[in-house]
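Next come the chains, spelled out residue by residue.
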Amino acid sequence: IHDFYSVSFREQPIFSTRAHVFQIDPNTKKNWVPTSKHAVTVSYFYDSTRNVYRIISLDGSKAIINSTITPNMTFTKTSQKFGQWADSRANTVYGLGFSSEHHLSKFAEKFQEFKEAARLAKEKSQEKMELTSTPSQESAGGDIQSPLTPESINGTDDERTTPEVTQNSEPRAEPTQNALPFTHSSTISKHWEAELATLKGNNAKLTAALLESTANVKQWKQQLAAYQEEAERLHKRVTELECVSSQANAVHTHKTELNQTIQELESTLKKKEEEIEGLKQEIENARELQAQRDSLTQKLQEVEIRNKDLEGQLADLEQRLEKSQNEQEAFRNNLKTLLEILDGKIFELTELRDNLAKLIECS
């Protein structure tokens, strides 16, 4: 826990992205279990003190990814937006779901880059360990059966395989300026005994680290054997499924042919039903036309009868009109006669008036 929460002091993020985080189900080893409700920040961190690369992700204050990158890790793209890698130390498989294929490709490139950097760092550490441990092993006189010491059980798996001997080893006892001359054999003997004890301590620590590395290798071999058995079982399962699939393909082909035949028959039946509906509609239309024809024939007969009545009424009206015209002509003649008589009377009255006016003037 202390190692994780010290990230912000000695490690810095060198690449960050956002993704949905999943872990493989520890019971079934098949299904994915989401560890974040939404997309979270996933970052690569570099510890310059230990020369270690890690993948870390936090969901609030909870660490949902804390995986140290080792040279034997592999990041696999399982789809256009999903990738996964196995962490043997955490005994789990992590999965990341990205929003786009570009983000997945970028994360995979960084994984490969930092994996290569971790491999180079491990090789350099192994070379340093070999150079540092060679003189100590020669001086120790082949004391390989030293017991496992608690001081050697520290750090991660990568650190265990590459211990820093110069930091864990005790400082060599150097003679002081007030040392006695070499003639004092007891002093010389004590000095070399202390030197030998120091070398034995260093050798014991290196042996413990070697034993622990061997135990880790055995554990990895066991896990590899389990993975191989699982792969063989899955291969057999795939073979069985392929056999079933071949039979299913034949059934599927026959089913497809039957479905096509059924579809053709349904199409033919649908066309016939449409033709029957069309004929029914034509018969209905013919009945409607016959009814309209009968109705029009009856109306035509009624119109002819009414037309005859109207012709009789028209002849009567013509006779009445002619009689009325004759009466109007006679009336006009009478009016003309009356007007002529009236004009004569008016002329006579005018003369009478003139005569009366003259009489009045004369009188």
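Scroll up a little and you will see the structure.
The rules behind these values
- Residues numbered from 1 in each chain as written.
- Predicted model: local features only at pLDDT ≥ 70, side-chain atom pairs only at ≥ 80, totals over all residues.
- Heavy atoms only, no water.
- Helix = DSSP H or I, 4+ residues; strand = E, 2+ residues; numbered from the N terminus.
- Contact = heavy atoms within 4.5 Å.
- Areas by Shrake-Rupley, 256 points an atom, 1.4 Å probe, with all protein chains shown as cover.
- Salt bridge = Lys/Arg side-chain N within 4 Å of Asp/Glu carboxyl O.
- Buried < 20%, exposed > 50% of the residue type's maximum accessible area, 1.4 Å probe, protein only.
- Core = buried A, V, L, I, M, F, W, Y, C linked by side-chain atoms within 4.5 Å.
- Patch = residues over 30% accessible without salt bridge, like charges linked within 9 Å, V, L, I, M, F, W, Y side chains within 5 Å.

Asker: Before we move on, could you go through the overall build of the chain and cite the residues and values that matter?
Answerer: Counting its secondary structure elements, the chain contains six helices and eight strands. Secondary structure elements of the chain, listed N to C terminal, follow the sequence α-α-β-β-β-β-β-β-β-β-α-α-α-α. In the chain, the share of contacts with a sequence separation of at least 24, taken over all contacts with a separation of at least 6, comes to 57%. Summed over all atoms, the accessible surface of the chain reaches about 27200 Å², with 55% contributed by carbon and sulfur.

Asker: Go over the pattern of salt bridges with me, naming the residues and quoting the values.
Answerer: Counted under the stated rule, the structure contains eight salt bridges. A salt bridge links Arg119 to Glu123; its shortest N-O distance comes to 2.5 Å. Residue Arg119 and its partner Glu123 are both found in helix H3 (residues 101-140); the two are separated by four residues, about one turn of the helix. Note on Glu123: relative accessible area 34%, which makes it partly exposed.

Asker: Give me the lowdown on the nonpolar core, citing residues and values where you can.
Answerer: Tyr44, Ile55, Ile65, Trp85, Leu96 and Phe107 are the most contacted members of the largest nonpolar core, which totals 23 residues. Elements with a minimum of two residues in this core: strand E1 (11-24), strand E3 (40-47), strand E4 (52-59), strand E5 (62-68), strand E8 (92-97) and H3. For this core, the leading source of residues is H3, giving six residues. Residue contacts for Tyr44: discarding those within four places in its chain leaves Gln12, Pro13, Ile14, Phe15, Arg54, Ile55, Ile69, Phe107, Lys110, Phe111 and Phe114.

Asker: So what's going on with a nonpolar patch on the surface? Which residues, and what values?
Answerer: A cluster of nonpolar residues, Phe331, Leu335, Leu338 and Ile341, forms a patch on the protein surface that exposes about 390 Å² of accessible area. With respect to the helices and strands, the residue Ile341 is situated in helix H6 (residues 185-362). On the accessibility criterion, Ile341 (47% relative accessible area) is partly exposed.

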